[in-house]
Amino acid sequence: MSDKNGWWSRATAVFNQNGGPWGSRDSEGAPDEPSGGPRNPWDLPPKGGKPRTGRGAASLDELQQRMRERLGGGGSGGDGGSGGGFPSIPGGPALRLGLFAILALWLIFTCFWRIAYNERGVVTRFGAYHRTLESGIGMTLPWPFEAVAKVNVTDIRELKMPMSGTNFVLTGDQNILDLDYTVRWSIADPELYKFQLADPEGTIQEVAESAMRAVVSRASFAGAVGTQRDQIEQEVRQQMTRVLAGYHSGIRIEGVAIINAVPPQEVNDAFRDVNAAQQEAQGQINNAKTYAQQVIKRAQGEAASFDKVYEQYRLAPGVTRRRMYYETMEEVLSNVDKTIVETPGVTPYLALPEMKRRLPEPPATTGGR
């Protein structure tokens, strides 16, 4: 207990005896310089001068005055300076107003964002994805803390293949085809579109080329040229959608359209000849099929008529037989001269007027002979 009292007495003596460690204070509150103790650090004399015995605040004022001089300021706060102990800057109010305006514009243009109805705003914080702003007015932290990239999600973009030159594709029957087509696509997910693919259009181009070659390799040349175009387009679209979904690309394939499918220019003339021969052969085949259909229909009609006659013959064979005989004779004798004698004992006459009508006329004679 005595040790604690001894330490306490020493501590109080330091701050109470002679006014503190820097010595006693005079009537104005300034410490006197002690004879044997440590000096007040604020009363250090300037270089080459004598020790001061005044207040410590004078040294502070002198230090402040030196700082003003180095910064180009004027006198003290009460002598027409900037006031408040701060350095005086020429044109200070105008500069402060300009800085305030720049700060306000910086906050307005980097914190508030207008997102159109067909856009989405992808917000990144220090370069990493943070959130997505919907259409309307959105607010973010100022740049460079957060940034916004606007992405159009309603426009349908079109990519033409090939980009330039020719695009030779091998068909399933080992023929070469020069194929031009377009791919229509849009953005389904702005976040994936911005951060998953480094080159979205390049990726779409490569996926489209791979899918088109795979599908055409299973089709015939004639099908790729005309008859199977719709099927090829649908298969290419489905395959591209499946591949891009596996990439998490955020891209939606709207459709694929084949613009032109022709043979290479080097064999175009020969292809025209082959195509003309194929069309002619197909025309002959169509004509033969048409004639065969006509013969078949006629035969079917005759068979149906015979079936009807046979049904009547079964009901009355004698009458039907006689009727068939008369109809046949009428058809045979319709173009020949004939005389019919039915009653016995009647002598037929010679049809002179009829014979005269059938005789050829004599040639005409000239009037001078």
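Higher on the page you've got the structure.
Rules behind the numbers
Residues numbered from 1 in each chain as written. Predicted model: local features only at pLDDT ≥ 70, side-chain atom pairs only at ≥ 80, totals over all residues. Heavy atoms only, no water. Helix = DSSP H or I, 4+ residues; strand = E, 2+ residues; numbered from the N terminus. Areas by Shrake-Rupley, 256 points an atom, 1.4 Å probe, with all protein chains shown as cover. Axes fitted to C-alpha atoms, helices over the stretch in contact; angles between N-to-C directions. Parallel < 35°, antiparallel > 145°, perpendicular 65-115°, else oblique. Contact = heavy atoms within 4.5 Å. Nonpolar A, V, L, I, M, F, W, Y, C, P; charged D, E, K, R; others polar. Pairing = 2+ DSSP bridges. Expected span 1.5 Å × (residues − 1). Buried < 20%, exposed > 50% of the residue type's maximum accessible area, 1.4 Å probe, protein only. Core = buried A, V, L, I, M, F, W, Y, C linked by side-chain atoms within 4.5 Å.

**Here's the deal with the overall build of the protein chain**
Helices and strands together make up the secondary structure of the protein chain, namely ten helices and nine strands. Roughly 27300 Å² of accessible area belongs to the protein chain as shown, and the carbon and sulfur atoms make up 57% of that amount.

**So, the packing of helix α8 (residues 268–315) against helix α9 (residues 317–332)**
Relative orientation and spacing of two packed helices are given, respectively, by the angle between their axes and the distance between those axes. Remark: α8 packs on α9, axes separated minimally by 6 Å, with the N-to-C direction vectors making an angle of 130°. Taken together, α8 and α9 sit at an angle that is classed as oblique. The residues of α9 that touch α8, namely those facing V309, Q312, Y313, R314 and L315, are P317, T320, R321 and M324. By residue class, the composition of the contact of α8 with α9 is five nonpolar, two polar and two charged.

**With respect to the sheet that holds strand β5 (residues 146–152)**
With respect to topology, three strands assemble into an open sheet ordered β3-β2-β5, the strand pairing being antiparallel. Because the sheet does not close on itself, it has two edges, and the strands there are β3 (128–133) and β5. Averaged over all pairs of adjacent strands, the angle between their axes in this sheet comes to 30°, without regard to strand direction. Two elements, strand β2 (residues 119–125) and β3, share five bridges in a ladder whose sense is antiparallel. The residue bridging V123 from the neighbouring strand is R131, located in β3.

**Details of helix α5 (residues 200–216)**
The end-to-end C-alpha separation of α5 is 24 Å, in line with the 24 Å expected for 17 residues at 1.5 Å each. Those residues of α5 that fall on the buried side of the exposure criterion are P200, G202, T203, I204, V207, A208, A211, M212, V215 and V216. On its buried side, α5 packs onto β6 (157–161), β7 (168–170), β8 (176–187), α4 (190–195), α7 (229–247) and β9 (251–262).

**A look at the nonpolar core**
L179, Y181, M212, I232 and M240 are the most contacted members of the largest nonpolar core, which totals 33 residues. Among the elements of the structure, β6, β8, α5, α6 (221–227), α7 and β9 are those that each provide at least two residues to this core. With seven residues, α5 is the largest single contributor of residues to this core. Contact partners of Y181, with chain neighbours within four places excluded, come to L159, K160, M161, N167, A208, E209, M212, V256, A257, I258 and I259. Residues W113, I115, V123 and L133 belong to the second largest nonpolar core, which totals five residues.

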